[in-house]
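Chain residues, written in single-letter form:
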Amino acid sequence: MLTEERRTLILRELKDKGSVTVRELVDSLGASESTIRRDITVLGNEGKLVKVFGGAVEKEGSSSVELSVLAKERVNKPEKTRIAEYAASLIKPGDYVYLDSGTTTEYMTEFITEKNATYVTNAVSHAKDMVRKGLRVLLIGGELKENTEAIVGADAILNIQKYHFTKGFFGVNGISMNQGFTTPDVREALIKRVAFENTQAGERYILADHDKFGISSTVTFADSGGTVIITDSYPGDIYQNKFEIKVV
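Procedures and definitions
- Residues numbered from 1 in each chain as written.
- Predicted model: local features only at pLDDT ≥ 70, side-chain atom pairs only at ≥ 80, totals over all residues.
- Heavy atoms only, no water.
- Helix = DSSP H or I, 4+ residues; strand = E, 2+ residues; numbered from the N terminus.
- Buried < 20%, exposed > 50% of the residue type's maximum accessible area, 1.4 Å probe, protein only.
- Lys, Arg positive; Asp, Glu negative; His and termini not counted.
- Salt bridge = Lys/Arg side-chain N within 4 Å of Asp/Glu carboxyl O.
- Polar contact = N/O pair within 3.5 Å; in protein donor to acceptor, adjacent residues only side chain to side chain.
- Axes fitted to C-alpha atoms, helices over the stretch in contact; angles between N-to-C directions.
- Parallel < 35°, antiparallel > 145°, perpendicular 65-115°, else oblique.
- Contact = heavy atoms within 4.5 Å.
- Nonpolar A, V, L, I, M, F, W, Y, C, P; charged D, E, K, R; others polar.

Q: I keep staring at the side chain of R204 and nothing clicks. Help me out?
A: You can see R204 is positioned in strand 12 (residues 204–207). One buried charged residue, R204, forms no salt bridge at all, with the nearest opposite charge on D223 at 6.4 Å. Within polar-contact distance, the side chain of R204 engages the backbone oxygen of F196 at 3.1 Å. Of note is the side chain of R204, whose polar atom sits 3.0 Å from the backbone oxygen of T199.

In C-alpha coordinates form, the structure reads like this:
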(Lines give C-alpha, C1' and ligand atoms only; values in the text may rest on other atoms or scores of the structure.)
Protein backbone atom coordinates (compact mmCIF):
# COMPACT_ATOMS: atom_id res chain seq x y z
CA MET A 1 0.00 0.00 0.00
CA LEU A 2 1.30 3.44 -0.94
CA THR A 3 2.06 5.90 1.84
CA GLU A 4 -0.53 8.48 0.77
CA GLU A 5 -3.20 5.80 0.42
CA ARG A 6 -2.46 4.49 3.92
CA ARG A 7 -2.61 7.98 5.41
CA THR A 8 -5.88 8.67 3.65
CA LEU A 9 -7.32 5.50 5.19
CA ILE A 10 -6.11 6.59 8.63
CA LEU A 11 -7.97 9.89 8.27
CA ARG A 12 -11.05 8.04 7.03
CA GLU A 13 -11.05 5.78 10.11
CA LEU A 14 -10.70 8.84 12.32
CA LYS A 15 -13.66 10.48 10.61
CA ASP A 16 -15.76 7.36 11.21
CA LYS A 17 -14.69 6.68 14.81
CA GLY A 18 -13.44 9.98 16.22
CA SER A 19 -10.40 8.26 17.77
CA VAL A 20 -8.24 5.28 16.88
CA THR A 21 -5.35 3.39 18.48
CA VAL A 22 -2.08 2.43 16.85
CA ARG A 23 -2.94 -1.25 17.39
CA GLU A 24 -6.28 -0.86 15.58
CA LEU A 25 -4.52 0.74 12.61
CA VAL A 26 -1.85 -1.95 12.52
CA ASP A 27 -4.57 -4.60 12.40
CA SER A 28 -6.77 -2.88 9.85
CA LEU A 29 -4.05 -1.60 7.48
CA GLY A 30 -1.51 -4.41 7.78
CA ALA A 31 1.37 -1.99 8.36
CA SER A 32 4.03 -2.15 11.07
CA GLU A 33 3.64 -0.29 14.34
CA SER A 34 6.60 1.97 13.53
CA THR A 35 5.07 2.87 10.16
CA ILE A 36 1.72 3.75 11.70
CA ARG A 37 3.37 5.86 14.40
CA ARG A 38 5.35 7.70 11.71
CA ASP A 39 2.16 8.30 9.70
CA ILE A 40 0.38 9.69 12.76
CA THR A 41 3.30 12.00 13.50
CA VAL A 42 3.38 13.32 9.90
CA LEU A 43 -0.40 13.81 9.79
CA GLY A 44 -0.24 15.53 13.16
CA ASN A 45 2.48 17.91 11.97
CA GLU A 46 0.31 18.69 8.95
CA GLY A 47 -2.57 19.60 11.25
CA LYS A 48 -4.84 16.82 9.97
CA LEU A 49 -5.21 15.03 13.32
CA VAL A 50 -4.03 15.25 16.90
CA LYS A 51 -1.60 12.66 18.19
CA VAL A 52 -2.51 11.27 21.60
CA PHE A 53 -0.84 8.53 23.60
CA GLY A 54 -1.27 5.25 21.79
CA GLY A 55 -3.14 6.65 18.82
CA ALA A 56 -4.85 9.72 17.38
CA VAL A 57 -8.06 11.70 17.54
CA GLU A 58 -9.82 14.01 15.12
CA LYS A 59 -8.52 17.56 14.94
CA GLU A 60 -11.79 19.25 15.83
CA GLY A 61 -12.70 18.92 19.50
CA SER A 62 -9.88 16.49 20.15
CA SER A 63 -8.51 18.00 23.35
CA SER A 64 -11.20 16.42 25.52
CA VAL A 65 -11.32 12.99 23.83
CA GLU A 66 -10.30 10.04 25.96
CA LEU A 67 -9.90 6.42 24.92
CA SER A 68 -11.87 3.78 26.81
CA VAL A 69 -10.27 1.52 29.40
CA LEU A 70 -10.46 -1.40 26.96
CA ALA A 71 -8.66 0.60 24.25
CA LYS A 72 -6.01 1.82 26.68
CA GLU A 73 -5.30 -1.72 27.87
CA ARG A 74 -4.20 -2.67 24.34
CA VAL A 75 -1.69 0.18 24.09
CA ASN A 76 1.97 -0.48 25.02
CA LYS A 77 1.11 -3.25 27.47
CA PRO A 78 4.69 -4.65 27.81
CA GLU A 79 6.06 -1.18 28.56
CA LYS A 80 3.29 -0.40 31.04
CA THR A 81 3.82 -3.74 32.76
CA ARG A 82 7.54 -3.04 33.19
CA ILE A 83 6.80 0.40 34.63
CA ALA A 84 4.17 -1.05 36.95
CA GLU A 85 6.48 -3.77 38.28
CA TYR A 86 9.17 -1.25 39.18
CA ALA A 87 6.63 1.11 40.78
CA ALA A 88 5.24 -1.69 42.96
CA SER A 89 8.75 -2.47 44.21
CA LEU A 90 8.95 1.03 45.76
CA ILE A 91 6.23 0.29 48.34
CA LYS A 92 7.67 -0.37 51.80
CA PRO A 93 6.28 -1.56 55.16
CA GLY A 94 4.18 1.11 56.86
CA ASP A 95 3.46 3.08 53.68
CA TYR A 96 0.12 4.82 53.20
CA VAL A 97 -0.26 4.59 49.44
CA TYR A 98 -2.54 6.39 46.99
CA LEU A 99 -3.15 4.41 43.79
CA ASP A 100 -4.73 6.48 41.03
CA SER A 101 -7.08 5.10 38.39
CA GLY A 102 -5.59 4.08 35.04
CA THR A 103 -4.28 1.07 33.14
CA THR A 104 -0.65 1.29 34.25
CA THR A 105 -1.60 1.70 37.91
CA GLU A 106 -3.94 -1.27 37.49
CA TYR A 107 -1.01 -3.36 36.24
CA MET A 108 0.72 -2.42 39.51
CA THR A 109 -1.81 -4.50 41.44
CA GLU A 110 -0.34 -7.65 39.86
CA PHE A 111 3.03 -6.93 41.47
CA ILE A 112 2.14 -5.39 44.84
CA THR A 113 3.11 -7.79 47.64
CA GLU A 114 3.60 -5.53 50.68
CA LYS A 115 0.85 -6.40 53.15
CA ASN A 116 2.10 -4.11 55.91
CA ALA A 117 0.81 -1.05 54.08
CA THR A 118 -2.52 0.68 53.45
CA TYR A 119 -3.79 1.31 49.92
CA VAL A 120 -6.26 4.07 49.03
CA THR A 121 -7.69 4.19 45.51
CA ASN A 122 -10.46 5.76 43.45
CA ALA A 123 -10.58 2.78 41.04
CA VAL A 124 -13.03 -0.03 41.75
CA SER A 125 -11.07 -2.55 39.66
CA HIS A 126 -7.82 -1.75 41.52
CA ALA A 127 -9.53 -2.17 44.88
CA LYS A 128 -10.97 -5.55 43.92
CA ASP A 129 -7.62 -6.80 42.62
CA MET A 130 -5.81 -5.82 45.82
CA VAL A 131 -8.45 -7.13 48.23
CA ARG A 132 -8.19 -10.54 46.57
CA LYS A 133 -4.48 -10.51 47.51
CA GLY A 134 -5.28 -9.87 51.15
CA LEU A 135 -4.17 -6.22 51.15
CA ARG A 136 -5.77 -3.49 53.28
CA VAL A 137 -7.70 -1.28 50.86
CA LEU A 138 -9.73 1.91 51.30
CA LEU A 139 -11.99 2.66 48.32
CA ILE A 140 -12.90 6.32 47.82
CA GLY A 141 -16.64 6.95 47.52
CA GLY A 142 -18.30 9.16 44.93
CA GLU A 143 -19.57 9.18 41.34
CA LEU A 144 -18.43 6.31 39.09
CA LYS A 145 -17.22 7.54 35.69
CA GLU A 146 -18.23 5.09 32.98
CA ASN A 147 -15.43 5.08 30.40
CA THR A 148 -12.45 5.07 32.80
CA GLU A 149 -14.15 3.33 35.75
CA ALA A 150 -12.77 5.99 38.11
CA ILE A 151 -14.60 7.45 41.09
CA VAL A 152 -14.88 11.25 40.82
CA GLY A 153 -16.93 14.15 42.15
CA ALA A 154 -17.21 16.29 45.27
CA ASP A 155 -17.68 13.36 47.65
CA ALA A 156 -14.51 11.74 46.35
CA ILE A 157 -12.53 14.96 46.82
CA LEU A 158 -13.77 15.32 50.41
CA ASN A 159 -12.74 11.72 51.09
CA ILE A 160 -9.22 12.15 49.73
CA GLN A 161 -8.64 15.41 51.59
CA LYS A 162 -8.66 13.46 54.87
CA TYR A 163 -5.54 11.49 54.02
CA HIS A 164 -1.81 12.15 53.98
CA PHE A 165 -0.02 9.69 51.73
CA THR A 166 3.59 8.58 52.08
CA LYS A 167 3.60 7.53 48.40
CA GLY A 168 1.31 8.21 45.45
CA PHE A 169 1.22 6.60 42.00
CA PHE A 170 -0.58 8.53 39.26
CA GLY A 171 -1.68 7.87 35.72
CA VAL A 172 -1.39 10.59 33.08
CA ASN A 173 -2.63 11.23 29.54
CA GLY A 174 0.03 13.71 28.53
CA ILE A 175 3.33 15.23 29.67
CA SER A 176 4.12 18.64 28.23
CA MET A 177 6.98 21.03 28.85
CA ASN A 178 4.54 23.92 29.15
CA GLN A 179 1.37 22.34 30.54
CA GLY A 180 2.94 19.75 32.85
CA PHE A 181 0.89 16.62 33.64
CA THR A 182 -2.50 16.60 31.94
CA THR A 183 -5.70 14.59 31.60
CA PRO A 184 -8.84 15.14 29.46
CA ASP A 185 -11.51 15.24 32.19
CA VAL A 186 -11.71 18.06 34.72
CA ARG A 187 -13.38 15.75 37.27
CA GLU A 188 -10.49 13.31 37.19
CA ALA A 189 -8.00 16.17 37.17
CA LEU A 190 -9.44 17.51 40.43
CA ILE A 191 -9.18 14.10 42.10
CA LYS A 192 -5.59 13.69 40.91
CA ARG A 193 -4.66 17.20 42.06
CA VAL A 194 -5.99 16.74 45.60
CA ALA A 195 -4.35 13.33 45.99
CA PHE A 196 -1.15 14.70 44.50
CA GLU A 197 -1.05 17.62 46.93
CA ASN A 198 -1.73 15.26 49.84
CA THR A 199 1.23 13.03 48.94
CA GLN A 200 4.67 13.59 50.39
CA ALA A 201 6.93 15.58 48.05
CA GLY A 202 9.54 13.39 46.40
CA GLU A 203 7.25 10.37 46.68
CA ARG A 204 4.82 11.38 43.91
CA TYR A 205 5.27 9.02 40.98
CA ILE A 206 3.88 9.58 37.49
CA LEU A 207 3.64 6.31 35.52
CA ALA A 208 4.03 7.16 31.83
CA ASP A 209 4.99 5.07 28.82
CA HIS A 210 6.93 6.80 26.04
CA ASP A 211 3.80 7.80 24.09
CA LYS A 212 2.73 10.25 26.82
CA PHE A 213 5.62 12.68 26.22
CA GLY A 214 4.92 15.65 23.99
CA ILE A 215 1.17 15.26 24.47
CA SER A 216 -0.96 17.97 26.04
CA SER A 217 -4.48 17.11 27.16
CA THR A 218 -7.22 19.45 28.35
CA VAL A 219 -6.55 19.91 32.06
CA THR A 220 -3.31 20.22 34.04
CA PHE A 221 -3.40 18.48 37.41
CA ALA A 222 0.24 18.96 38.50
CA ASP A 223 3.60 20.39 37.50
CA SER A 224 7.09 18.97 37.98
CA GLY A 225 7.64 19.82 41.65
CA GLY A 226 8.50 16.90 43.93
CA THR A 227 7.63 14.38 41.24
CA VAL A 228 9.36 11.39 39.65
CA ILE A 229 8.31 10.14 36.21
CA ILE A 230 8.72 6.39 35.77
CA THR A 231 8.90 5.55 32.07
CA ASP A 232 10.16 2.88 29.68
CA SER A 233 12.53 4.87 27.47
CA TYR A 234 14.58 8.05 27.62
CA PRO A 235 12.41 10.95 26.40
CA GLY A 236 15.27 13.33 25.58
CA ASP A 237 17.35 16.00 27.27
CA ILE A 238 14.61 18.61 27.05
CA TYR A 239 12.50 16.58 29.50
CA GLN A 240 15.43 15.43 31.61
CA ASN A 241 16.32 19.05 32.32
CA LYS A 242 12.83 19.83 33.65
CA PHE A 243 11.59 16.57 35.21
CA GLU A 244 13.10 13.90 37.42
CA ILE A 245 12.92 10.76 35.29
CA LYS A 246 13.52 7.09 36.07
CA VAL A 247 13.80 4.80 33.03
CA VAL A 248 13.07 1.12 33.66
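Q: Where do I start with the packing of helix 1 (residues 3–17) against helix 3 (residues 33–45) in this structure?
A: In a pair of packed helices, the angle between the axes and the distance between the axes together describe the arrangement. Remark: helix 1 packs on helix 3, axes separated minimally by 10 Å, with the N-to-C direction vectors making an angle of 75 degrees. It follows from the interaxial angle that helix 1 and helix 3 lie roughly perpendicular. In contact with T3, R6, R7, I10 and L11 of helix 1, helix 3 contributes T35, I36, D39, V42 and L43. Of the residues that constitute the contact of helix 1 with helix 3, the class distribution is 5 nonpolar, 2 polar and 3 charged.

Q: Can you walk me through helix 7 (residues 124–132) in this structure?
A: For an α-helix the count is 3.6 residues per turn, leaving residues at separations of three or four pointing the same way. Listed as buried for helix 7 are S125, H126, A127 and M130. Here the buried face of helix 7 lies against strand 4 (96–99), helix 6 (103–108), strand 5 (118–121) and strand 6 (136–139). Looking one or two places after helix 7, you find G134, whose phi comes out positive at around 80 degrees.

It is worth stressing that arrangement in space is one thing and function is another; only the former is reported here.
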